[in-house]
Amino acid sequence: MRYRPKNYKVEDQKIFTRLKKNNPYIALLYNFPKILIPHPSIENFQNHFENKKKDSKDKSHLGKIHLEIGCGSGRYLIENAINHKKDSFIGIELRYKRLVLAAKKIERQNIKNILLLRECGEYFDEYFQQNSLDFLHINFPDPWNKKSQRKHRLINHNFISKLSYTMRSNGEFRLKTDHLEYFETVFKILSDSKDFTIIEHTKDLHESIYNDKNILTEFEMLFKSKDNPPIGYFLAKKINKKNN
Ligand SMILES: C[S@@+](CC[C@H](N)C(=O)[O-])C[C@H]1O[C@@H](n2cnc3c(N)ncnc32)[C@H](O)[C@@H]1O
């Protein structure tokens, strides 16, 4: 069994009081029961997901499934969800404050097709069945720059094989990062993979033909206002085995 953070709100009020004194956002996580799951499990995720479908205006199946890992305070996730109202969006993030800020925006704008999980992105595959995920978006993953830290990176061979399992044929994985060494490492893993093909890529997104359809993230806006580094972007497609 993998480690899951304890739910001190339920299990130990004394510890919970101490924790929320240090970081008030810990307590605020629980204020958005329809939007944010502070302690996700496969069961409560599935229940929330089903309820979201019932909540949707036309009561029909909520189209394609998008996952964004490390969604921060939700700028990209929210714009994407507004642009694709029939699809379902799941945002995974670890930081309390960013999750609360995202949940507040989602609530304020009355957006019904987003669910947030406080979870480690590495475990995304626990929530999706084989061939179920349509889109994965990862924007500016922590680069873990030093060689000795690279083992902590989110995207590696193991991550890509889990993606291969959970993603549908023709599913799409989009990555943006200003860390060009990380970009090249992931690009190579995908280029070598028999399960994916890269159909769009650039090492300078804002100067490329892909810039028009680009949705800015919070970090990207910050970069633009500062030293504006070139941003690597690719779109990799899961290969449809039937066509091979
Ligand atoms: C550099 S920030 C980018 C945030 C956002 N994607 C953007 O572009 O504005 C990286 C984000 O990933 C989150 N993060 C880092 N490691 C993670 C993990 N293992 N699982 C989920 N989120 C993670 C961080 O908390 C942070 O919000």
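Every value quoted in this text rests on a predicted model; they were computed, and no experiment measured them.

Draft legend 1. Structural view of the nonpolar core. Counting 33 residues, the largest nonpolar core has Leu136, Ile155 and Phe173 as its most contacted members. Among the elements that line this core, the one with the most residues is helix 8 (residues 180–192), at five residues. Once residues lying within four places of it in the same chain are set aside, the contact partners of phenylalanine 173 are Leu136, Ile138, Ile155, Ile160, Leu163, Met167, Val186, Leu190, Phe234, Leu235 and Ala236. One finds Ile35, Cys71, Ile78 and Ala102 within the second-largest nonpolar core, a separate group that totals 17 residues.

Draft legend 2. Structural detail: the site of the ligand. Contacts to the ligand come from 16 residues, most closely from Gly70, Glu93, Arg98, Gly121 and Thr217. At 2.7 Å from an oxygen atom of the ligand is found a side-chain nitrogen or oxygen belonging to threonine 217. A distance of 3.3 Å is found between an oxygen atom of the ligand and a backbone nitrogen or oxygen belonging to glutamate 218. Taken together, the residues of the shell around the ligand break down into four nonpolar, five polar and seven charged.

Draft legend 3. Summary view of the environment of asparagine 22. Locating asparagine 22 in the fold gives a position in helix 2 (residues 13–22). Among the residues examined, asparagine 22 registers a relative accessible area of 66% and is labelled exposed. Note: C-alpha distance between asparagine 22 and threonine 197 (175 residues apart in sequence) is 46 Å.

Rules used throughout
Residues numbered from 1 in each chain as written. Predicted model: local features only at pLDDT ≥ 70, side-chain atom pairs only at ≥ 80, totals over all residues. Heavy atoms only, no water. Core = buried A, V, L, I, M, F, W, Y, C linked by side-chain atoms within 4.5 Å. Buried < 20%, exposed > 50% of the residue type's maximum accessible area, 1.4 Å probe, protein only. Helix = DSSP H or I, 4+ residues; strand = E, 2+ residues; numbered from the N terminus. Contact = heavy atoms within 4.5 Å. Near = heavy atom within 4 Å. Polar contact = N/O pair within 3.5 Å; in protein donor to acceptor, adjacent residues only side chain to side chain. Nonpolar A, V, L, I, M, F, W, Y, C, P; charged D, E, K, R; others polar.

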